[in-house]
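Residue-level structural notes
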2 protein chains.
Amino acid sequence: MQKEPNERTQPFHLFEQVVEYLVTRIGRGEWQTHEKLPSVRSLAIELKVHRLTVFRAYQELKNRGLVYVRDKAGYYVHPGAGACAPEPTAGAIVPAYSVRNRLSEIHQVPVSYQFSEALIDPNLLPNMYFSDYVKRVFDLYPKVLATYAPVQGDEELRETLCRHFAHIHRFHLSASELLITSGAQQAIDLISRIFLKPMDAVLIERPTYSSAVDIFSQAGAKLVTVDIHPHGYNMDQVEWCMRHYKPRLFYMNPTFHNPTGYTVPAEQRKRLVELAEQYRCLLVDDDTTHDIYFGKEPPPPLFTYDTEGVVLYIRGFSKYVSPGLRIACVACRPPLMKHLLTAKSLTDNGTPLLNQKIFLHYFTSARLQQHLGKLRIALQIRKDVMEEELRDSGWQWSSPGGGLSLWIRLGKGISSPALLERCLEASIAFVPGVICDPLRQMEEWARFSFSFANELQIRAGMRRVLELSRRI
Amino acid sequence: MQKEPNERTQPFHLFEQVVEYLVTRIGRGEWQTHEKLPSVRSLAIELKVHRLTVFRAYQELKNRGLVYVRDKAGYYVHPGAGACAPEPTAGAIVPAYSVRNRLSEIHQVPVSYQFSEALIDPNLLPNMYFSDYVKRVFDLYPKVLATYAPVQGDEELRETLCRHFAHIHRFHLSASELLITSGAQQAIDLISRIFLKPMDAVLIERPTYSSAVDIFSQAGAKLVTVDIHPHGYNMDQVEWCMRHYKPRLFYMNPTFHNPTGYTVPAEQRKRLVELAEQYRCLLVDDDTTHDIYFGKEPPPPLFTYDTEGVVLYIRGFSKYVSPGLRIACVACRPPLMKHLLTAKSLTDNGTPLLNQKIFLHYFTSARLQQHLGKLRIALQIRKDVMEEELRDSGWQWSSPGGGLSLWIRLGKGISSPALLERCLEASIAFVPGVICDPLRQMEEWARFSFSFANELQIRAGMRRVLELSRRI
């Protein structure tokens, strides 16, 4: 899988992006039929890419019959090229950006064997208790539903979380360095909106969280991939990418990584912070399953090693505390926070107060800690069951120390999209590797989540998956 | 106030925007010291503005000493120009876009006489009852906190709202044509992200909702203002702007308009939909205080007249149903909805289910209707008190038929920013017209909200405001 960095991303992926960018703009009628397109030179400058990249993009458009060449200098829009807008809409209104969320497209299919959702089975959450906390919240704050929360989030909650982090990770935060968001997804989105502009380079793991790819693509970023392995990154590759692409940020998921479950070791975390300072690259540590470990606790978040304020730490709680509340937070130093706050105020003007208060009272309860202990055991059992079913499959995976999924290399010659097609017919869902790969390859890989289906469903479902795979 | 359209916006505002755009890019080091900037011609093409606009922008940069001219053709970055980045941040990380939310900056100041928040006094909301609905929700949906809502929103809620709209406004919607958002602000933001790209033209009322200006500016849109008067728009001006600027959308607040309280009459609404179809301009009807009327009901939303799917209808409920829940919805036809759904899934993956269920049960209760009746009376009384206090001020306003604020033209020679400064010292807040004006003028105007402070506070506060105004 490991390739040379320059071979890996620069020509292939970037050139494809420029093509897509031009197709979108042509499709939106920004250039009319027979209108001259920008010169290779000027477009290379506008997009901050090499002229050869633009040249190759134009060649591709020519091959697709979207543009034609005249007096060998210029490229002109071919009649009918406009019809090739991605996702054209009816009527006059065409969206500015062609965006999609590939993962949520799979989740929209209801199935009986749910291995695609990296969510925790609602039956494993202490539903019976929640209403007590809600009742308490209404007794304590009778006007909670009549009040907006501050944009940054409820101060009582932020102070509680600061104490929590100081206690657990020994990093010191003031409430002003914490922003409450509506889930970790919103945090990624806010960061991308504030720190990225079109064609900015972004380092991203390969594979990674598919929605992050969609968010950064929507922002028009150049995605540069960094491979992640069972024992972390190839740090030479990381440094090469930082030096070569001057990325604005590195979006990472170093703890029980999604989709692989791999964890980046402490010494690499230290080194990453040094590199980030050296190359002035923002590190976005997306940490949403930190507390779901089966053996020993994972290494501390990158924020722990950050002295220069280059780390944005996203800590999600939705998955195991309460998906229905959608509470996450971002920790960063004041110069970054200032801008996140503005983005948050423009996006939704603050996360609902009720949700923050319910979360606060549940999160600080002894019950949550007991619940977490039981939850870890329950999830480990489900993981073991899934691995047991796969034992004789010949498929390969590295057993994760935490998280919600297995990242599996399927048997020789099995394409995961093809297998998914068969599985969906049999009411089984999983996530094909293609969706997790920013380069849209990794066909032979797949993510199977063991957190949502129960033991019986896992046994029956995985057996069926293996049967179906033999028929491909 | 009424000026000729071409005199009003094109040269002044657009040219200022290009300056700001270039200052930001220079500040972010996209061009180094002594590096040549794009030619007037190429930049005019890139930004889709007239060359003279770019030329004037460059002249302005020259006057500011940010660029210098060489061999009279080219403009070059002057040493030190980079230091002029708007809102520079410490360290290496500079945000891609310089954004701010001016309104929330005022709201961050705590005061005893609160006339700047167009929110409803929590004491006017039926806090006592909410907990009953919450309890009922937990009885009905024991796993509500363990479950994610669908991205589009809870189906039961969407169907209920469709019936509500069919009953009240006689327009027919299916649940698939409705998206639940976390407040109307999020709806505006999603729409701007999907339908706008940098330098797209956007029609916007003058004055308007300040956060909308901030959202569209963040998207890099060219703002083209349409004046709003006590009896609506000057339709010739609207048509001129649509023909001349080919705007992608018209963001409007035609019912108890914020900040003016004016309402656009039915015949203009019909005409607007015709114009929008003719000029292929999306109409965004932001309707958040529809139910807060003092006399007769306002005319139906623009959606009622829309046969071609050019209207996006934002209906907010936060303000009077429950600010703490943050529930609003967007109605539009499937071709537009498809893209909104993607944006919503990337932004926060769906509004929390708990909030939607609580809203649903309260919204459909008889109690809400009783509450609304009382609320209208209470707010009208507060409006009357404020108007009474202003009777002899010589200040001018047109008494609104609904909404939460008075839009007041202050006495001769009184600048609202200056008055605000004095008022904040006296613990009184209001919104100066400058903030509501996309052109950042209207110094002599101010928005005073009567919905948050009680009668006594309004009497005492407004008297103090008038005293202070006499000392300017």
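The name that an unreviewed UniProt entry assigns to chain A is PLP-dependent aminotransferase family protein, with the source organism given as Paenibacillus mesotrionivorans.

1. A word on the pattern of salt bridges
The tally for this structure, following the rule as stated, stands at 48 salt bridges over all chains. A salt bridge links A:Asp200 to A:Lys197, with the shortest nitrogen-to-oxygen separation between them at 3.5 Å. Here A:Lys197 falls in the buried class, since its relative accessible area comes to 10%. When the shortest N-O distance is used, the salt bridge between B:Arg382 and B:Asp121 registers 3.0 Å. Of this pair, B:Arg382 sits in helix H14 (residues 366-390) while B:Asp121 sits in the loop between strand E3 (113-114) and helix H6 (127-140), and the two are 261 residues apart along the sequence.

2. Some points on the interface of chain B and chain A
Counting residues at the interface gives 76 residues for chain B and 76 residues for chain A. Surface buried jointly by chain B and chain A totals about 6,800 Å² across both partners, of which 61% is contributed by carbon and sulfur atoms. On inspection of chain B and its partner chain A, the count reaches two salt bridges. Notably, a salt bridge pairs A:Asp189 with B:Arg193, separated by 2.6 Å at the nearest N-O pair. Our count for the contact surface shared by chain B and chain A stands at 19 residue pairs in polar contact (both at pLDDT 80 or more). Across the side of chain B that touches chain A, the residue classes tally to 37 nonpolar, 22 polar and 17 charged.

3. Regarding the sheet that holds strand E10 (residues 311-316) of chain A
Residue and element names in this part refer to chain A. Taken together, the eight strands give an open sheet; going across it, the order is E4-E11-E10-E9-E8-E5-E6-E7, and neighbouring strands pair in mixed fashion. Single-partner strands in this sheet number two, and they are strand E4 (178-181) and strand E7 (232-233). The sheet contacts of helix H8 (residues 183-195) involve E4, strand E8 (249-252), strand E9 (282-287), E10 and strand E11 (328-331), and relative to E10 the element is tilted by about 155 degrees. Of the strands in this sheet, strand E5 (201-206), strand E6 (222-229) and E8 are in contact with helix H9 (residues 210-218), which crosses E5 at around 165 degrees.

4. Considering the side chain of B:Ser322
Among the structural elements, B:Ser322 can be located in the loop between strand E10 (311-316) and strand E11 (328-331). Classification of B:Ser322 as buried rests on a relative accessible area of 2%. In terms of polar contacts, B:Ser322 uses its side chain to reach the backbone carbonyl oxygen of A:Leu145, at 2.6 Å. With near-sequence residues (within four places) excluded, B:Ser322 lies in contact with A:Leu145, B:Phe130 and B:Phe317.

5. Here we look at helix H17 (residues 455-470) of chain B
Residue and element names in this part refer to chain B. Over its 16 residues, H17 runs 23 Å from end to end, which matches the ideal 22 Å to within 8%, given 1.5 Å per residue. Buried residues along H17 sit in contact with E3, H14, helix H15 (416-425), strand E14 (428-429) and strand E16 (445-449). Two or three places before Leu-456, at the start of H17, stands the capping residue Asn-454, its side-chain oxygen 3.1 Å from that residue's backbone nitrogen.

6. Concerning the sheet that holds strand E15 (residues 445-449) of chain A
Residue and element names in this part refer to chain A. With antiparallel pairing, the three strands of this open sheet are ordered in space as E12-E15-E14. The sheet is open, and its two borders are formed by strand E12 (405-409) and strand E14 (431-432), each paired with just one other strand. Examined bridge by bridge, E14 and E15 share two bridges and lie antiparallel to one another. Following the sheet pairing, Pro-432 is matched in E15 by Ala-446. Across the sheet, helix H14 (residues 366-390) touches E12 and E15, and the angle it forms with E12 is around 20 degrees.

7. Quick look at the relation of the copies chain B and chain A
With an axial shift of 0.0 Å and an RMSD of 0.1 Å, the rotation relating chain B to chain A amounts to 180 degrees. One copy is carried onto the other by what is essentially a two-fold rotation axis.

8. A short note on the pairing of strand E5 (residues 201-206) of chain B
Side-chain positions along a regular strand alternate between the two faces of the sheet. Residue and element names in this part refer to chain B. Within E5, six of the six residues are buried, which leaves the element mostly enclosed by the surrounding structure. Of the two faces of E5, the one lined by Ala-201, Leu-203 and Glu-205 and the one lined by Val-202, Ile-204 and Arg-206 are each fully buried. Examined bridge by bridge, E5 and strand E6 (residues 222-229) share six bridges and lie parallel to one another. Its bridge partner lying in E6, Ile-204 is registered against Thr-225. Each parallel crossover has a hand, and for E5 linked through helix H9 (residues 210-218) to E6 it is right-handed. With three bridges joining them, E5 and strand E8 (residues 249-252) adopt parallel strand pairing. Across the sheet, the residue bridging to Leu-203 is Phe-250, located in E8.

9. Digging into the packing of H8(A) against helix H12 (residues 334-347) of chain B
In contact at an axis separation of 7 Å, H8(A) and H12(B) are set at 100 degrees when each is read in the N-to-C sense. In this view, H8(A) runs roughly perpendicular relative to H12(B), as classed from their interaxial angle. Packed against H8(A), whose contacting residues are A:Gln185, A:Gln186 and A:Asp189, the element H12(B) presents B:Ser345, B:Leu346 and B:Thr347 at the interface. For the contact of H8(A) with H12(B), the class distribution of residues is one nonpolar, four polar and one charged.

Calculation notes
- Residues numbered from 1 in each chain as written.
- Chains lettered and ligands numbered in written order.
- Predicted model: local features only at pLDDT ≥ 70, side-chain atom pairs only at ≥ 80, totals over all residues.
- Heavy atoms only, no water.
- Salt bridge = Lys/Arg side-chain N within 4 Å of Asp/Glu carboxyl O.
- Buried < 20%, exposed > 50% of the residue type's maximum accessible area, 1.4 Å probe, protein only.
- Helix = DSSP H or I, 4+ residues; strand = E, 2+ residues; numbered from the N terminus.
- Contact = heavy atoms within 4.5 Å.
- Buried area = accessible area lost by both parts, 1.4 Å probe.
- Polar contact = N/O pair within 3.5 Å; in protein donor to acceptor, adjacent residues only side chain to side chain.
- Nonpolar A, V, L, I, M, F, W, Y, C, P; charged D, E, K, R; others polar.
- Pairing = 2+ DSSP bridges.
- Axes fitted to C-alpha atoms, helices over the stretch in contact; angles between N-to-C directions.
- Expected span 1.5 Å × (residues − 1).
- Least-squares fit on C-alpha atoms with pLDDT ≥ 70 in both.
- Right-handed = clockwise from strand over helix to strand, strands pointing away.
- Parallel < 35°, antiparallel > 145°, perpendicular 65-115°, else oblique.

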